[in-house]
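# Structure at a glance
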Amino acid sequence: MYHASDLLQRYHSLISNPIISDKCVSGECVSNLLETPWVKIMIVRYQMAPKICMIEIEVSLPYCSIEPTYPATEAEQEEARNFIDNNLAHLKYLLRLQKAGFSLGILSAEGIWSAILKVKKNPDLELFDSLLPPY
């Protein structure tokens, strides 16, 4: 289980480190803040503007294969329902992020929903509380 205070502490740890050029691609340095099967939360910093920091979230479907069968077993139907419920929870998570000030994006060809926010100087615990993904 994740806590907002843990994310905030990890965030401060990541941004306090200097930007190392050999770990950057096209001047953009990306560090993982949190990753689950559904969600990837990244901190993005730039070599040319090290004071600029972005939080980027990607939500995508983890691998799942449930073949429709008739008659379907109760276990198969429960697994399908749980997967759909998790998908809905993560889409609602994105809407919650938008209410917290994030801009939303959709890359339908890749199956990725995203959210991004330019971080102000001292983000508060409330921001990191909104970052907590569904379980």
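Here is what the cut-offs are and how they apply
Residues numbered from 1 in each chain as written. Predicted model: local features only at pLDDT ≥ 70, side-chain atom pairs only at ≥ 80, totals over all residues. Heavy atoms only, no water. Pairing = 2+ DSSP bridges. Helix = DSSP H or I, 4+ residues; strand = E, 2+ residues; numbered from the N terminus. Axes fitted to C-alpha atoms, helices over the stretch in contact; angles between N-to-C directions. Contact = heavy atoms within 4.5 Å. Phe/Tyr/Trp six-rings, centres within 6.5 Å; stacked < 30°, edge-to-face > 60°. Buried < 20%, exposed > 50% of the residue type's maximum accessible area, 1.4 Å probe, protein only. Expected span 1.5 Å × (residues − 1). Core = buried A, V, L, I, M, F, W, Y, C linked by side-chain atoms within 4.5 Å.

### Brief notes about the sheet that holds strand β4 (residues 103-107)
Spatial ordering of the open sheet is given by β1-β2-β3-β5-β4, a layout of five strands whose pairing is antiparallel. Single-partner strands in this sheet number two, and they are β1 (28-35) and β4. Mean inter-strand twist for the sheet, computed between neighbouring axes without regard to direction, equals 25°. Alignment of β1 against strand β2 (residues 39-46), held across seven bridges, turns out to be antiparallel. Along β2, the bridge assignment pairs Glu35 with Lys40. With respect to the sheet, helix α1 (residues 4-16) is in contact with β1, β2 and β3 (53-60), its orientation differing from that of β1 by roughly 160°. Packed onto the sheet, helix α2 (residues 74-99) meets β2, β3, β4 and β5 (112-118) and runs at close to 25° relative to β5.

### Digging into the packing of aromatic side chains
On inspection of all chains with the given rule, the structure shows three aromatic pairs. Here the aromatic rings of Tyr2 and Tyr135 are separated by 6.1 Å at their centres, their planes lie at 15°, and the arrangement is stacked. Here Tyr2 is found in the segment before α1, whereas its partner Tyr135 is found in the segment after α3 (125-131), with 133 residues between them in sequence. Under the relative-accessibility criterion, Tyr135 is labelled exposed at 55%. With a centroid separation of 5.1 Å and an interplanar angle of 40°, the aromatic rings of Trp38 and Phe83 are classed as tilted.

### Thoughts on α2
For α2, which comprises 26 residues, the first-to-last C-alpha distance of 37 Å matches the rise-based estimate of 38 Å (1.5 Å per residue) to within 8%. Taken together, the buried positions of α2 are occupied by His90, Tyr93, Leu94 and Leu97. Summarising the contacts, the buried residues of α2 are in contact with β2, β3, β4, β5 and α3. Two residues or fewer past α2, Gly101 is found with a positive phi of approximately 110°.

### Here's the deal with the nonpolar core
Formed by 26 residues in total, the largest nonpolar core has its most connected members in Leu33, Ile41, Ile55, Ile57, Phe102, Phe128 and Leu131. Elements supplying a minimum of two residues to this core: α1, β1, β2, β3, α2, β5 and α3. The leading source of residues in this core is α1, at five residues. With residues near it in sequence (within four places) discarded, Phe128 still touches Ala4, Leu7, Leu8, Tyr11, Leu33, Ile55 and Pro123.

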